[in-house]
Amino acid sequence: MKIIFLGPPGAGKGTQSEAICKEYGVTQLSTGNLLRDNIRQGTPLGKEASKYIGGGNLVPDEIIINIIREELRKPYLSKGYILDGYPRTVRQAEELDDILKEYDQTLDVALVLEVDVPDLVRRLAGRRTCRNCGRSFHIVFNPPIDPDDCEIGGCDIYQRPDDSEEAVKNRLRIYEEMTKPLIEYYEQKKLLRRIDGAGEMAEVYKRIKDVLDPIYYNSLNYHPI
Ligand code: AMP
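Residues numbered from 1 in each chain as written. Predicted model: local features only at pLDDT ≥ 70, side-chain atom pairs only at ≥ 80, totals over all residues. Heavy atoms only, no water.

Draft legend 1. Local environment of the site of the ligand. Not every one of the 16 residues close to the ligand is listed here, only the nearest: Thr31, Arg36, Asn57, Gly85 and Gln92. Interatomic distance of 2.9 Å between a side-chain N/O atom of arginine 36 and an oxygen atom of the ligand. Within the backbone of asparagine 57, one N or O atom sits 2.5 Å away from an oxygen atom of the ligand. For the ligand, the protein covers 96% of the area, taking 480 Å² as the surface of the free molecule. (Near = heavy atom within 4 Å. Polar contact = N/O pair within 3.5 Å; in protein donor to acceptor, adjacent residues only side chain to side chain. Areas by Shrake-Rupley, 256 points an atom, 1.4 Å probe, with all protein chains shown as cover.)

Draft legend 2. Quick peek at the packing of aromatic side chains. For the structure shown, the criterion picks out three aromatic pairs. Ring centres of tyrosine 185 and tyrosine 186 lie 5.1 Å apart, and the angle between their planes is 75 degrees; on these two criteria the pair is classed as edge-to-face. Connected via pairs of aromatic rings, a cluster forms that spans Tyr24, Tyr216 and Tyr217. In this arrangement the basic side chain of arginine 131 is found over the ring face of tyrosine 158, its NZ or CZ atom lying 4.1 Å from the centre. (Phe/Tyr/Trp six-rings, centres within 6.5 Å; stacked < 30°, edge-to-face > 60°. Lys NZ or Arg CZ within 6 Å of the ring centre and 35° of its normal.)

Draft legend 3. Summary view of the packing of helix α4 (residues 61-71) against helix α5 (residues 90-102). Viewed as axis vectors pointing N to C, α4 and α5 meet at an angle of 25 degrees, and their least axial separation amounts to 10 Å. In terms of their interaxial angle, α4 and α5 are classed as roughly parallel. Relative to α5, the crossing made by α4 is right-handed. On α5, the residues that touch Asp61, Glu62, Ile64, Ile65, Ile68 and Arg69 of α4 are Arg91, Gln92, Glu95, Leu96, Ile99 and Glu102. For the contact of α4 with α5, the residue count by class is five nonpolar, one polar and six charged. (Axes fitted to C-alpha atoms, helices over the stretch in contact; angles between N-to-C directions. Helix = DSSP H or I, 4+ residues; strand = E, 2+ residues; numbered from the N terminus. Parallel < 35°, antiparallel > 145°, perpendicular 65-115°, else oblique. Left-handed = near helix turned anticlockwise from the far one by under 90°. Contact = heavy atoms within 4.5 Å. Nonpolar A, V, L, I, M, F, W, Y, C, P; charged D, E, K, R; others polar.)

Right, here's the structure in full:
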């Protein structure tokens, strides 16, 4: 399956992607995680990206599109993928269409995880991220077993600079202006499925599964009674 995961920052895309990957054997490609890895390793891409990320601004389209073009042809994604955090602008979506055509790939679905703004702010304020593996936690709703260690071990949990109050406001504004138009973009392509992102992680996952199961079985040509 090839899935696009849309939704505002803090909606829970990262956490839900993890569960989707386990269940359907697809691989998550998070452009945000990829950029943060590059920042940590001090690569030229990381140095460039850090000019934008800290304040919650988008990294320029050309940079992101080149990353996606490179990644989507790699064998680790050949069993299917979920794009978490890409596309974020109409231009990125249009370029993605061209790249997919070039690689002879088709998208199965574009999920949008919908969460109200006050809920998003509450989730982002309590979010903590593992510096090494990129997993997200929440200090109240999804705490790591040991506050300094994620389950993989040896990890370093911190608050992302772009989860600060100022940066969050900016990210939500950018989402409204730049990314929300993609909902209509994928609706027109008849790929869009809306998911109510309110409530417990498990409840939200159940809603996602109700959408993905039929698509998955269809892709296998298997029809359970
Ligand atoms: P995320 O982890 O998806 O919240 O992304 C964190 C930050 O990485 C964003 O606020 C942007 O600065 C940058 N970023 C991630 N994906 C993209 C994208 N598709 N286009 C532009 N910037 C991105």
